[in-house]
Amino acid sequence: METSRQGSETLVAALVDFENVGLDSIQWLFDQISDVGRIIVKRAYADWSSAGNKRDQLLELGIEPIQQFHSGPKGKNSSDIRLAIDAVDLLHQSPVDTFVIVSSDSDFIPLVNKLRAAGKTIIGAGRKATTPRTLVISCDKYYYLDQNRRIGLSGQPAEEQSGDILLIRAVQATMDEQGRVVGSKLYQTMQRLDPSFDFRALGYATFAKYLEASPAVKVKRPRGPGDVTVELVDSTLSTLEQPLPADGWDREIDARWSEKQAKYGHSLPGPVAAKVAAKVIGVSKLKDSQYKTLQGLLESSEYLDARWSRDGNVIIKRSSP
């Protein structure tokens, strides 16, 4: 196995201020920065003893949880300090080229300025409603996590969607202003998003043939030697650009869960809740959706999170205030 750095490959460290932004839309963010380079560090900072059951979501995202116990009313700052210390350590002791600071906290501006002064590229990410403009302009690029968009291919079974969804995510992350991307760059991004991706295992002799068999993209071959060019088909692109409805799927799930709760009592079994949610979203299983787990589903909607909580393998309706 080759472990040396290849060519001019950019190495990325993603440091997440969990207590400021949570984990919502982090997978979407990782998709966006997959075009930047290889993410070699993924860490999230919090007092995990009081952060609820986030184990499944952390494992799915490949994030290392960094524990920082709180002591006193200002204990939250300890996680911020640990993140800053780790960033400086990485600056001096690792080959990281790009730092991704996931937080809306203006306290990180001095850290961002220090890293940039050392010649590093800084990408920031946080909630638009709470991110100060001063933090945004301090970074080389800033992503608002609120602009996460739902991926879906209506009319296809979930089993057929999975490969196309990975392909679409990769195209969206790498396409130029004309909506196009060359095949070699797209293939590299797909492997970064899903290291298990292998077009040969899917029955295709070449990556170009895999692309041409997908209904999600249009492929243009050059007249002579050269790489193929790929773009999303118009109908797929319009589907993907539809934002998550503010008052739709989450309220429908809440209504269906409330109906089921009458049968089971105070709590609703996790498998039942997941099956109901999957039906509303339009997939065969919840794990085939962008939310993956009930915890991810609750965290994706303030409405659901305010009305339901998860306790092990059941969900419980919160008491009305």
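Every chain is numbered on its own, with residues counted from 1 as its sequence reads. Totals for whole chains, interfaces and linings use all residues, but because this is a predicted model, local features are given only for residues with pLDDT of at least 70 and pairs of side-chain atoms are given and counted only at 80 or more. Where side-chain values are given, they derive from all heavy atoms of the structure, hydrogens and water being excluded.

Section: the overall build of the protein
Right, so step 1: Going along the chain from the N terminus, every DSSP run of H or I of four or more residues is numbered as a helix, and every run of E of two or more is numbered as a strand. The helix and strand inventory of the protein stands at 14 helices and 12 strands.
Right, so step 2: Put simply, the protein has 321 residues, and 45% of those count as buried.
Right, so step 3: For this analysis, residues touch if any pair of their heavy atoms sits within 4.5 Å. By sequence separation, contacts in the protein at least 24 residues apart represent 56% of the contacts at least 6 residues apart.
Right, so step 4: For accessible areas, the Shrake-Rupley method is used with a probe of radius 1.4 Å. Any residue's cover is judged against the shown protein chains and nothing else. Of the roughly 16,800 Å² of accessible surface on the protein, a fraction of 48% belongs to carbon and sulfur atoms. Burial classification: accessible surface area is computed with a 1.4 Å probe over protein chains only, and a residue below 20% of its type maximum counts as buried, one above 50% as exposed, and the rest as partly exposed.

Let's talk about the pairing of strand E6 (residues 141-144)
Right, so step 1: By definition, two strands form a pair when at least two bridges between them are found by DSSP. Here strand E5 (residues 121-126) pairs with E6 via four bridges, running parallel. In the strand pairing of E6, Gly126 is matched with Tyr144.
Right, so step 2: A crossover links E5 with its parallel partner E6, the connecting element being helix H6 (residues 133-138), and its sense is right-handed. Viewed with both strands pointing away, a crossover whose connecting path from the first strand over the helix to the second turns clockwise is right-handed.

A few points about the packing of aromatic side chains
Right, so step 1: Each Phe, Tyr or Trp ring (for Trp, its six-membered ring) is paired with any other whose centre lies within 6.5 Å, and the angle between the two planes then decides the class: stacked below 30 degrees, edge-to-face above 60, tilted in between. What the rule picks out here adds up to 12 aromatic pairs.
Right, so step 2: An angle of 65° between the planes, with centres 5.6 Å apart, marks the rings of Tyr187 and Phe199 as edge-to-face. Placement of the pair is Tyr187 in helix H8 (residues 183-193) and Phe199 in the loop between H8 and helix H9 (207-212), with a sequence separation of 12 residues.
Right, so step 3: Classification of Tyr187 as partly exposed rests on a relative accessible area of 21%.
Right, so step 4: For the pair Phe199 and Phe207, a centre-to-centre distance of 5.9 Å together with 50° between the ring planes defines the contact as tilted.

A few points about H8
Because the α-helix completes a turn every 3.6 residues, residues three or four places apart line up on one side.
Right, so step 1: Among the residues making up H8, those that are buried are Gly183, Leu186, Thr189, Met190 and Leu193. Down the axis of H8, the buried side of the element spans an arc of 125°, and every buried residue falls inside it. To obtain the arc, one takes the directions from the helix axis to the C-beta atoms.

Re a positive patch on the surface
Right, so step 1: On the surface, a cluster of positive charge is made up of Lys260, Lys263, Lys275 and Lys279.
Right, so step 2: Contributing elements (two or more residues each) for the positive patch: helix H11 (249-264) and helix H12 (270-281).
Right, so step 3: Mapping Lys260 onto the fold places it in helix H11.
Right, so step 4: Taking the relative accessible area as the measure of exposure, Lys260 reaches 37% and is therefore partly exposed. Residues with no salt bridge and a relative accessible area higher than 30% make up the patches, which join like charges within 9 Å and nonpolar side chains (Val, Leu, Ile, Met, Phe, Trp, Tyr) within 5 Å. Salt bridges are defined as contacts in which a side-chain nitrogen from Lys or Arg sits within 4 Å of a carboxyl oxygen from Asp or Glu. Residues scored as charged are limited to Lys and Arg (positive) and Asp and Glu (negative), so that His and the chain ends carry no count. Charged groups are reduced to one reference atom each: NZ for lysine, CZ for arginine, CG for aspartic acid, CD for glutamic acid.

Overview of the sheet that holds strand E10 (residues 267-269)
Right, so step 1: One open sheet holds the three strands; their spatial order is E10-E12-E11, and the pairing between them is antiparallel. Looking along the sheet, the strands with just one partner apiece sit at the ends: E10 and strand E11 (308-311). This sheet shows a mean twist of 30° between the axes of neighbouring strands, independent of strand direction.
Right, so step 2: Summarising the sheet, E10 and strand E12 (residues 314-317) pair through three bridges and their orientation is antiparallel. The partner of Pro269 across the bridge, within E12, is Val314.
Right, so step 3: The sheet strands contacting H11 are E10, E11 and E12, and the helix crosses E10 at an angle near 100°. Fitting a line to C-alpha atoms yields each axis, with helices limited to the stretch in contact; the angle taken between N-to-C directions then spans 0 to 180 degrees.

Notes on the pattern of salt bridges
Right, so step 1: Evaluated as defined, the whole model comprises 12 salt bridges.
Right, so step 2: Its salt-bridge partner being Asp31, residue Arg169 comes within 2.7 Å of it at the nearest N-O pair. Pair noted here: Arg169 is in helix H7 (residues 158-174) and Asp31 is in helix H2 (residues 26-33), with a separation of 138 residues, a long-range link.
Right, so step 3: Since its relative accessible area comes to 6%, Asp31 is described here as buried.
Right, so step 4: A salt bridge links Arg180 to Glu231; the shortest N-O distance between them is 3.6 Å.

A look at H12
Right, so step 1: With 12 residues, H12 extends 16 Å from end C-alpha to end C-alpha; this agrees with the ideal 16 Å at 1.5 Å per step.
Right, so step 2: Regarding H12, the residues found buried are Gly270, Val272, Ala273, Ala274, Val276, Ala277, Ala278 and Ile281.
Right, so step 3: The secondary structure elements touched by the buried residues of H12 are H11, E10, helix H13 (294-299) and E12.
Right, so step 4: A positive phi of about 105° marks Gly282, the residue just after H12. The span you would expect from a helix comes to 1.5 Å times its residue count less one.

Section: the side chain of Ser79
Right, so step 1: Within the fold, Ser79 resides in helix H4 (residues 76-93).
Right, so step 2: Within the local environment of Ser79, its side chain forms a polar contact with the side chain of Glu19, the two groups lying 3.3 Å apart. In the analysis that follows, any N or O atom pair within 3.5 Å is treated as a polar contact, provided that within protein one partner can donate a hydrogen and the other can accept it, and provided that, for residues neighboring in sequence, both atoms belong to side chains.

Describing the packing of H11 against H12
Right, so step 1: Axis separation between H11 and H12 bottoms out at 9 Å; the angle between their running directions is 145°. Where H11 crosses over H12, the two elements pack in a sense that is right-handed. For the pair H11 and H12, contact is made by Trp249, Glu252, Ile253, Arg256, Trp257, Lys260 and Tyr264 and by Val272, Ala273, Val276, Ala277, Val280 and Ile281, respectively.
Right, so step 2: All amino acids are sorted into three groups, where Ala, Val, Leu, Ile, Met, Phe, Trp, Tyr, Cys and Pro are nonpolar, Asp, Glu, Lys and Arg are charged, and the leftover types, Gly among them, are polar. Here the residues of the contact of H11 with H12 are counted per class, giving 10 nonpolar, no polar and three charged. The hand of a helix crossing depends on one turn: near helix anticlockwise from the far one by less than a right angle means left-handed, and clockwise means right-handed.

Some points on the sheet that holds strand E3 (residues 64-67)
Right, so step 1: Strand order in the open sheet made by the six strands is E3-E2-E1-E4-E5-E6, with parallel pairing throughout. Sheet topology places E3 and E6 at the edges, where each strand pairs with a single neighbour. The sheet shows a mean angle of 20° between the axes of neighbouring strands, taken without regard to direction.
Right, so step 2: In this sheet, strand E2 (residues 38-46) lies alongside strand E1 (residues 11-17) in parallel orientation, the contact comprising seven bridges. Residue Val12 lies in a different strand from E2, and its bridge partner there is Ile39.

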